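So the chains spell out like this:
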Amino acid sequence: MYRRDLITAEIQKLAQVLARIMGLKLEGKLAEANQLFDETMEGGFQLPKEILENEVLSVFENWLTEGDLPPEKLDSLSEFLYYELGTSPDRNQMIAPKLNLVYQYLSDRHKIVHLVNLHRQKTIQQYLR
């Protein structure tokens, strides 16, 4: 029960950070939003920028399986990645396949499928081509 409470609190903090990133983007403060995003990937998800930006998808896939993040945290990661789509074509090509892997991992490993994620998987197909 205590572990669940800690995870819930951490997810709530991450949601606040995501809202802040989105707010910064709306204000046109893209450099600040990108810096906060990178810091959150590293600090909140233990996902180094080098792994996220690596073109070799298996590098991210290895991080995903070895990191063994709880499903709630993976779902939060998917939110962060999803809201990174649309910023630029290069960013879309980098993020979309990794986001797809997160959704697949949630489904295969944790047996978690959200209707929102299913819809998002269809949406990101446009970035995977």
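Quantities reported herein were computed from a predicted structural model and do not represent experimental measurements.

Calculation criteria
Residues numbered from 1 in each chain as written. Predicted model: local features only at pLDDT ≥ 70, side-chain atom pairs only at ≥ 80, totals over all residues. Heavy atoms only, no water. Axes fitted to C-alpha atoms, helices over the stretch in contact; angles between N-to-C directions. Helix = DSSP H or I, 4+ residues; strand = E, 2+ residues; numbered from the N terminus. Parallel < 35°, antiparallel > 145°, perpendicular 65-115°, else oblique. Contact = heavy atoms within 4.5 Å. Nonpolar A, V, L, I, M, F, W, Y, C, P; charged D, E, K, R; others polar. Salt bridge = Lys/Arg side-chain N within 4 Å of Asp/Glu carboxyl O. Buried < 20%, exposed > 50% of the residue type's maximum accessible area, 1.4 Å probe, protein only. Core = buried A, V, L, I, M, F, W, Y, C linked by side-chain atoms within 4.5 Å.

S.K.: Give me the lowdown on the packing of helix α2 (residues 30–45) against helix α5 (residues 71–82), citing residues and values where you can.
M.R.: Pairs of packed helices are described in terms of their axes, by the angle between the two and the distance that separates them. One way to put it is that α2 packs onto α5 with a least axis distance of 12 Å and a crossing angle of 170 degrees. Between α2 and α5, the interaxial angle falls into the category roughly antiparallel. Along its contact with α2, which presents Phe 37, Thr 40, Met 41, Gly 44 and Phe 45, the element α5 presents Lys 73, Ser 76, Leu 77, Phe 80 and Leu 81. Here the residues of the contact of α2 with α5 are counted per class, giving six nonpolar, three polar and one charged.

S.K.: Give a description of the pattern of salt bridges that names residues and reports values.
M.R.: Opposite charge on two side chains permits pairing when their charged atoms draw close. All told, the structure shown has eight salt bridges when counted by the stated rule. Glu 84 is the partner of Arg 91 in a salt bridge, and the nearest nitrogen-oxygen pair spans 2.8 Å. The burial state of Arg 91 is the same as that of Glu 84; both residues are buried. Counted as one network, the salt bridges with shared partners bring together Lys 25, Glu 53, Glu 84 and Arg 91.

S.K.: If you had to explain the side chain of Asn 92 to someone new, which residues and values would you point to?
M.R.: Residue placement: Asn 92 occurs in helix α6 (residues 89–110). Those residues within four positions of Asn 92 in sequence are excluded, and the remaining contacts are Glu 84, Leu 85, Gly 86, Thr 87, Pro 97 and Tyr 127.

S.K.: Account for the nonpolar core, with residues named and values stated.
M.R.: Met 41, Leu 47, Phe 60, Leu 77 and Leu 81 are the most contacted members of the largest nonpolar core, which has 33 residues in total. When residues of this core are assigned to their parent elements, the largest contribution, nine residues, is made by α6. Not counting residues within four places of it along the chain, the set of residues in contact with Leu 81 comprises Phe 37, Met 41, Leu 52, Ile 95, Leu 99 and Val 102.

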